[in-house]
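Architecture and fold: a report
The residues making up each chain are set out below.
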Amino acid sequence: MPHLQSVRQLVVAAFAAVAILSCAGTLAAADKRPNILFIFSDDHAAHAISAYGSKINQTPNLDRIANEGMLFENCFCTNSICGPSRAVILTGKHSHLNGFRQNGNRFDASQQIFSRLLQQAGYNTAMIGKWHLGHGGNSDPQGFDYWEVLQGQGPYYNPPMIRNGKATKYTGYTTDIITDLALDWLKNDRDKDKPFMLMYQHKAPHRNWQPGPKYLTMFDDVEIPEPVNLFDDYEGRGSAAKQQDMTVEHTLTAADLKLTAPGNLTPEQRAVWDAAYEPKNEAFRKANLTGKDLIRWKYQRYIKDYLRCVQSVDDNIGRVLDYLDEAGLAENTVVIYSSDQGFYLGDHGWFDKRFMYEESYRMPLLVRWPGVIRPGSRNRDLTSNLDFAETFLDIAGVEIPRDMQGASLKPLLSGQTPADWRQSLYYQYYEFYGNQRAAHMVRRHYGVRTPQYKLIHFYNLDEWELYDLGKDPHEMRSVYSDPAYSSVVKELTDEVHRLQEVYQVPDDQGSVPKDPPSLHPNFKPQRRQPAKKKAAKK
Ligand code: CA
């Protein structure tokens, strides 16, 4: 036991102990780890963001994130569909390991997810908006101190929601409401002694693209440019591109096209809606369009409504960025914008997603981190939603679990891509059920993308496609059988099989009945030519 020579020494020692304790207390209160604001939307293609060079709209608030941060040119999803992309982001694992291969699966949020790891590390965590991974039991959001989510897909107007397990209901436009709830949490409900991680997730601009009251007539007086392949005939590709059910021409419904009004509007909302759409619909009915003119009209109606929904997302992101400035939070908050996958904006004559073709495969990814990211920078490395969980953990200084399959983007954010960064990405899409109808009828496929090429295997058809992305950016002609590409085919076939080993992909081919490469009669999209189909059977 140490001897204290005098009372004076005792007093000095006591003061020192108090000083050390109070210093530790100060450190705990001023946790300077960065906040993480993850802004997410649903089906927002990069080519509908002006920072990505959109030819059809302006998104000033998203552009602001890009201008003050970094734009990722080559971020791709592992499985181009809503629920699966969200499950990949939470777990950092491909669909076959996180258990959510296709919409309709139930997500098990009791598995290792990044939100819980951040919560355990002292972050104040919240999930507000679209969850879309099921409800009840282990499918509810987990690892969040606060959550309020849409029920399932959620409507564009007057959404019923679930807050920490209890039903809530709002009147108004869902994109605005989700933002109000996110701002309310940031202002009033979060624990200000902790850094926060907020997932602020929109339903928009998912089908069926119902604009908010503010934008019902936006673009009424302009014609949106058509994509170069709006009238694609699918020559040069295999059966899958020909068999899908997602064309602007055939698949869009009267509700999609706003020829009928949404059923859940209040009388006031309905009056505003009808005042906007009825004159347009009346003009359409009078015009009696057919053939290409009708397709062109459908494209204009579809794309304008889609872009109107995007405009409300952009506006609301502006509100949140402004709040970060006002509250003095902008400097120490990493702001990320992304969407669960891309979307066809009339490209190939389509809407929807699922295929590994560029427009629905690419994800927008914008990140702002003052003091770390050089403003206005662009990154061209191959990145993925498989990397998001790892990135968030790394930003927070939390150890990345070894069984997560992606890589932290943190070094890329500071402009220092590791020398051994990946040169290929693995993809697999599952939502097809043998002879049963599936939404949009896109065949199962896996594939690999490199900076230059893309190899796709529609494995239940056993059809392969290869695209030279440098020469054929719109993927109009597969060069799989071109002898000039035989060495590329060999190299990429080896690579896709190597990636299947690395990512522990099980053999999925037995789980769907095999079909002949020629179209099985039952696969014909039913909306196509029902009369002819019946006649052919007789
Ligand atoms: Ca989606």
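Report follows, based on the coordinates. Every residue gets a number counted from 1 within its own chain, in the order that chain's sequence is written. Since the coordinates come from a predicted model, pLDDT governs what is reported: local features require at least 70, and pairs of side-chain atoms require 80 or more to be given and counted, while whole-chain, interface and lining totals use all residues. Computation of side-chain values: all heavy atoms of the structure, hydrogens and water removed.

So, about the overall build of the chain. Counting its secondary structure elements, the chain contains 14 helices and 17 strands. Think of it in three bands: residues with accessible area under 20% of the maximum for their type are buried, residues over 50% are exposed, and the middle band is partly exposed, with areas taken using a 1.4 Å probe on protein chains only. Expressed as a percentage of its 538 residues, the buried residues of the chain come to 58%. Two residues form a contact once any of their heavy atoms are found within 4.5 Å. Contacts spanning at least 24 positions in sequence make up 70% of the contacts within the chain whose residues lie at least 6 apart. All accessible-area figures derive from a Shrake-Rupley calculation using a 1.4 Å probe, and residue coverage is judged against the displayed protein chains alone. For the chain, the exposed surface amounts to about 22,200 Å²; the carbon and sulfur share of it is 53%. Counting from the N terminus, the helices are the DSSP runs of H or I reaching at least four residues and the strands are the DSSP runs of E reaching at least two.

With that out of the way, let us pick up the pattern of salt bridges. We define a salt bridge as a side-chain nitrogen of Lys or Arg found within 4 Å of a carboxyl oxygen belonging to Asp or Glu. For the structure on display, the rule yields 35 salt bridges. Ionic pairing is found between Arg64 and Glu68, a salt bridge with its closest N-O pair at 3.1 Å. You can see Arg64 and its partner Glu68 sitting in helix α2 (residues 60-68), four residues apart, about one turn around the helix. Where salt bridges share partners, they join Asp43, Asp352, Lys353, Arg354 and Glu431 into one cluster.

In this description, a donor is an N, O or S atom within 2.8 Å of the metal centre, a cutoff extended to 3.2 Å for sodium, potassium and calcium. Water is not part of the atom list, which can make sites seem incomplete. The protein atoms that coordinate the calcium ion are Asp42 (OD), Asp43 (OD), Cys82 (SG), Asp340 (OD), Asp340 (OD), Gln341 (OE1) and Gln341 (NE2), at distances spanning 2.2 to 3.1 Å. Counting along the primary sequence, the residues that act as donors to the calcium ion give the motif D-D-x38-C-x257-D-Q. As far as burial versus exposure is concerned, Asp42 and Asp43 are alike and both buried.

Pairing of aromatic rings covers Phe, Tyr and Trp, the last counted by its six-membered ring, and requires centre-to-centre distances within 6.5 Å; plane angles under 30 degrees mean stacked, over 60 mean edge-to-face, and any other angle means tilted. Across all of its chains, the model carries 35 aromatic pairs by this definition. Measuring from centroid to centroid gives 6.4 Å for Phe107 and Trp131, while their planes differ by 70°, and the two rings are edge-to-face. Taken as a pair, Phe107 in the loop between α4 (95-98) and α5 (114-120) and Trp131 in the loop between β4 (124-129) and β5 (146-150) lie far apart in primary sequence, 24 residues in all. Residue class for Phe107 comes out buried when judged on its relative accessible area of 1%. A network of ring pairs unites the aromatic residues Tyr234, Tyr344, Trp350, Phe355, Tyr357, Phe458 and Tyr467 as a single cluster. When the ring centre of Tyr277 is taken as origin, the NZ or CZ atom of Lys280, which lies over that ring, is 4.5 Å away. The criterion for a charge sitting over a ring is simple: Lys NZ or Arg CZ within 6 Å of the ring centre, and within 35 degrees of the ring normal. Positioned over the ring face of Phe231 is Lys292, at 4.5 Å from the centre of the ring.

Relative to the elements of secondary structure, Arg449 occurs in strand β15 (residues 445-449). For Arg449, a relative accessible area of 5% puts it in the buried group. With 18 residues separating them along the chain, Arg449 and Tyr467 place their C-alpha atoms 9.5 Å apart. Sequence-distant contacts of Arg449, that is, excluding residues within four places in its chain, are made with Asn74, Phe76, Met356, Glu358, Tyr361, Arg362, Leu382, Gln423, Ser424, Leu425, Lys454 and Leu469. A distance of 2.8 Å separates the side chain of Arg449 from the side chain of Glu358, its partner in a polar contact. Polar contact is the term for a pair of N or O atoms within 3.5 Å; when the atoms are in protein, one must be able to donate a hydrogen and the other to accept it, and sequence-neighboring residues count only if both atoms are side-chain atoms.

A word on the packing of α2 against helix α9 (residues 291-326). One way to put it is that α2 packs onto α9 with a least axis distance of 7 Å and a crossing angle of 50°. In terms of orientation, α2 and α9 fall into the oblique class. On α9, the residues touching Pro60, Asn61, Leu62, Arg64 and Ile65 of α2 are Gln311, Asp314, Asp315, Ile317, Gly318, Leu321, Asp322 and Asp325. Each residue belonging to the contact of α2 with α9 can be placed in one class, and the counts come to five nonpolar, three polar and five charged. Every angle, taken between N-to-C directions, lies between 0 and 180 degrees, and every axis is a line fitted to C-alpha atoms, over only the stretch in contact when it is a helix. Roughly parallel covers angles under 35 degrees, roughly antiparallel covers those over 145, roughly perpendicular covers 65 to 115, and oblique covers all other angles. Any residue outside Ala, Val, Leu, Ile, Met, Phe, Trp, Tyr, Cys, Pro, Asp, Glu, Lys and Arg is labelled polar, Gly included; the first ten of those are nonpolar and the last four are charged.

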